[in-house]
Amino acid sequence: QVQLVESGGGLVQAGGSLRLSCAASGVTFTSYGMGWFRQAPGKERESVAAINWSGSSTLYADSVKGRFTISRDDAKNSVYLQMNGLKPEDTAIYYCAAVYRPVGATMRGSVYNYWGQGTQVTVSS
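Worth saying up front: this structure is predicted, and the values here are computed from it rather than measured.

A. Representation of unusual backbone geometry within the structure. Positive phi, normally seen in glycine, also occurs at Asn-77, with a value near 50 degrees. Tracing the backbone shows Asn-77 in the loop between strand S7 (68-73) and strand S8 (78-83).

What follows is the structure, given as structure tokens:
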């Protein structure tokens, strides 16, 4: 049974930082690329960042480039999203997802195989 469990969300003031974690179980973690997505109230889900199965390739949405960093720790079956310089428009539910051995990191949510339940991030102005 595949499980992705996010943690680390919360309430933070604009300009602050949060580190999201996603722990995977039930999968051979090194066979999966990982991604972070978010969905704000009344908006469509959008991709935030992605990392390929080896960690050699990363992608970021333009809106978070230079502020967010995705990383993975295969020994802990975990992927992380370090978020710095948070803005009120970053407020959303953040989801991690796993995609089986893509060619590279991918921001296409439709190809992801497994999804977590999400963690709320709220940035106050």
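B. A look at the state of the cysteines. Tallied over the full model, the rule gives 1 disulfide. One disulfide bridge connects Cys-22 with Cys-96, the sulfur atoms lying 1.9 Å from each other. What sets the handedness of the Cys-22 and Cys-96 disulfide is the S-S torsion sign, and at about 45 degrees it is right-handed. With Cys-22 in strand S3 (residues 18-25) and Cys-96 in strand S9 (residues 92-100), the pair connects residues that are 74 residues apart, well separated along the chain.

C. Layout of the pairing of strand S11 (residues 119-124). Because side chains alternate across S11, one face comprises the buried residues Thr-119, Val-121 and Val-123, and the other comprises Gln-120, Thr-122 and Ser-124, none of which is buried. Pairing analysis gives 4 bridges linking strand S2 (residues 10-13) to S11, with the strands arranged parallel. Considered in S11, the bridge of Gly-10 is made with Val-121. Bridge count for S9 against S11 is 3 bridges, and the pairing is antiparallel. By the bridge assignment, Tyr-94 is partnered in S11 with Thr-119.

D. View of the packing of aromatic side chains. Summed over the entire model, instances satisfying the criterion amount to 5 aromatic pairs. Here the aromatic rings of Tyr-32 and Tyr-100 are separated by 5.3 Å at their centres, their planes lie at 70 degrees, and the arrangement is edge-to-face. Of this pair, Tyr-32 sits in strand S4 (residues 32-39) while Tyr-100 sits in strand S9, placing them 68 residues apart in sequence. On the accessibility criterion, Tyr-100 (51% relative accessible area) is exposed. With centroids separated by 5.1 Å and ring planes inclined at 80 degrees, the aromatic side chains of Phe-37 and Tyr-112 adopt a geometry described as edge-to-face. Note that Phe-37 is positioned in strand S4 and Tyr-112 in the loop between S9 and strand S10 (114-115), a separation of 75 residues in sequence. An identical accessibility class is assigned to Phe-37 and Tyr-112; each is buried.

Rules of the game
- Residues numbered from 1 in each chain as written.
- Predicted model: local features only at pLDDT ≥ 70, side-chain atom pairs only at ≥ 80, totals over all residues.
- Heavy atoms only, no water.
- Helix = DSSP H or I, 4+ residues; strand = E, 2+ residues; numbered from the N terminus.
- Disulfide = S-S within 2.5 Å.
- Buried < 20%, exposed > 50% of the residue type's maximum accessible area, 1.4 Å probe, protein only.
- Pairing = 2+ DSSP bridges.
- Phe/Tyr/Trp six-rings, centres within 6.5 Å; stacked < 30°, edge-to-face > 60°.

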